[in-house]
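# Working through the structure, step by step
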Amino acid sequence: MLSLRKWSTPATSGSPNGLGIRERHILKGKGLGTSHMGAQAVRGLLTKTRTAPSDVDLLICATTTPDFVFPSTANLICDMCAIHSIGSFDVQAACSGFVYALTIASQFIETGKFRKIVVVGADKMSAIIDYTDRATCVLFGDAAGAVMIEPNKEFGIIDTVIRSDGSGMPHLHQKAGGSRMPPTAETVAKRLHYVHQEGAAVYKFAVARMAEVATELMKRNRLTGDKIDWLVPHQANLRIIEATAERIKLPAERVMITIHKYGNTTAATIPLCLWDYESKLKPGQRLILAAFGGGFTWGGVYLTWAYNPQ
């Protein structure tokens, strides 16, 4: 059984600096990594949808915090869930990873190549956060979520947008640990294996780009704010979420917000929103998913909700 320790963020308003974060959950336990959370999410998904592991055709895991450089976290999740002899791979697009993974999965479904694809968003951000850095440590939590993508003649993924701009790297990245700066005693001593973020620059880009993809999807599909049932935004901070909703003229009651309970869980934020709001979702409702991540990456998905537990 996984142990997720709840951390509270003290603040008189319950929303320090307007970020909207009150609690975060941190994975505890020796030897536990992102794959363990991802596997638990997938097992729950298979049970819920009455899907046998042998029926899964492909598994994609969006993560920035893989257990190892190789094998992929998706590979490990499959093994833990008794899913054998299928394709599985990771997608690394930081906080936009889940949107990227959904976009990839939708192509396989549209071509008829596969019928059941599991998409996981999972990150153990506590593994790469410097808890002496108050600029970042209060933001991030650990979590995983998973969804099933299947053919559906009536509902499903209608349109997607993915974008990137590598010139944003200096504003949000992890300095050491990759091939450019491999781990050494010096990089560890200098605390270079943690998230580096320049908040003001990231905020400016995130608001503009998340609103941009949401607007693009709405224009391409002739949608207005009154025709969107839910905005499902990446949960970076409350100000970014509110600014994005305001720019596409969507009222607060139709915006999914979970940041107060979980913080920024990177690739897990959007599936976590869908899980948290599931009781309010009805087949046919129109959703716009929007995310922005380090490096920079951003993207969006327009879909109509299909899952009906009945």
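Here's what I pulled together on the structure shown here.

About the criteria used
Residues numbered from 1 in each chain as written. Predicted model: local features only at pLDDT ≥ 70, side-chain atom pairs only at ≥ 80, totals over all residues. Heavy atoms only, no water. Salt bridge = Lys/Arg side-chain N within 4 Å of Asp/Glu carboxyl O. Helix = DSSP H or I, 4+ residues; strand = E, 2+ residues; numbered from the N terminus. Buried < 20%, exposed > 50% of the residue type's maximum accessible area, 1.4 Å probe, protein only. Arc of directions from axis to C-beta. Contact = heavy atoms within 4.5 Å. Pairing = 2+ DSSP bridges. Axes fitted to C-alpha atoms, helices over the stretch in contact; angles between N-to-C directions. Core = buried A, V, L, I, M, F, W, Y, C linked by side-chain atoms within 4.5 Å. Phe/Tyr/Trp six-rings, centres within 6.5 Å; stacked < 30°, edge-to-face > 60°.

### Remarks on the pattern of salt bridges
Considering all chains together, one arrives at nine salt bridges under this definition. Residue Glu216 pairs with Arg220 through a salt bridge whose shortest N-O separation is 2.9 Å. Placement of both Glu216 and Arg220 in helix α6 (residues 199-220) is noted, with a separation of four residues, approximately one turn of the helix. For Arg220, a relative accessible area of 44% gives the class partly exposed. Each of Asp159, Arg163, Glu216 and Arg220 takes part in salt bridges that share partners, so that together they form one network.

### Quick notes on unusual backbone geometry
Residue Phe70 is joined to Pro71 through a cis peptide bond whose omega torsion reads 0 degrees. Counting through the fold element by element, Pro71 comes out in the loop between β3 (58-62) and α2 (73-80). Along the chain, Gly295 connects to Phe296 via a cis peptide bond; the corresponding omega equals 5 degrees. Position of Phe296 among the secondary structure elements: in the loop between β11 (286-293) and β12 (297-304).

### Regarding α2
Taken together, the buried positions of α2 are occupied by Thr73, Ala74, Ile77 and Cys78. Considered in projection along α2, the buried side chains sweep an arc of 140 degrees and stay on one side of the axis. Elements that come into contact with the buried residues of α2 comprise α1 (34-48), β3, β4 (87-91) and β5 (117-124). After α2 finishes, the residue Ala82 shows a positive phi value of roughly 60 degrees.

### A closer look at the sheet that holds β11
Two modes of strand pairing occur in sheets, parallel and antiparallel, and in both the strands are linked by backbone hydrogen bonds. Within the open sheet, the four strands sit side by side as β7-β12-β11-β10. Their pairing is mixed. Unpaired on one side and paired on the other, β7 (156-164) and β10 (230-233) mark the two borders of the sheet. Taking the axes of each pair of neighbouring strands and ignoring which way they run, one obtains an average angle of 15 degrees across the sheet. The pairing of β11 with β12 spans eight bridges and is antiparallel. Bridge pairing in β12 places Phe292 opposite Trp298. Helix-sheet contacts for helix α3 (residues 97-110) involve β7, β11 and β12, and the interaxial angle to β7 is about 125 degrees.

### Some thoughts on the pairing of β12
Counting buried positions along β12 yields eight of eight residues, so the element is predominantly enclosed. Here β12 shows a buried face lined by Thr297, Gly299, Val301 and Leu303 and a second buried face lined by Trp298, Gly300, Tyr302 and Thr304. Alignment of β7 against β12, held across eight bridges, turns out to be antiparallel. Opposite Asp159, over in β12, you have Tyr302 as the bridge partner. Between the antiparallel neighbours β11 and β12 lie three residues, among them Gly295 with a positive phi of about 125 degrees.

### Some thoughts on the nonpolar core
Grouped together as the largest cluster of nonpolar side chains are 38 residues, with contacts concentrated most on Leu231, Ile288 and Phe292. Elements with a contribution of two residues or more to this core: α6, α7 (238-247), β11 and β12. The leading source of residues in this core is α6, at eight residues. Once residues within four sequence positions are removed from consideration, Leu231 is found in contact with Thr244, Ala245, Ile248, Leu250, Arg254, Val255, Met256 and Ile288. Tyr100, Ala105, Ile109 and Trp305 belong to the second largest nonpolar core, which has 32 residues in total.

### Structural notes on the packing of aromatic side chains
Applying the stated rule across the entire model yields five aromatic pairs. Ring centres of Phe108 and Phe114 lie 5.3 Å apart, and the angle between their planes is 40 degrees; this geometry places the pair in the tilted category. A relative accessible area of 26% means that Phe108 is categorised as partly exposed. The interplanar angle of 65 degrees and the centroid separation of 5.4 Å between the aromatic rings of Trp230 and Tyr277 together place this pair among those described as edge-to-face. Taken together, the residues span a long stretch of sequence, with Trp230 in strand β10 and Tyr277 in the loop between α9 (269-276) and β11 at a distance of 47 residues. Judged on exposure class, the residue Trp230 and its partner Tyr277 are both buried. An aromatic cluster is built from Phe205, Phe292, Phe296 and Trp298, whose rings are joined through pairwise contacts.

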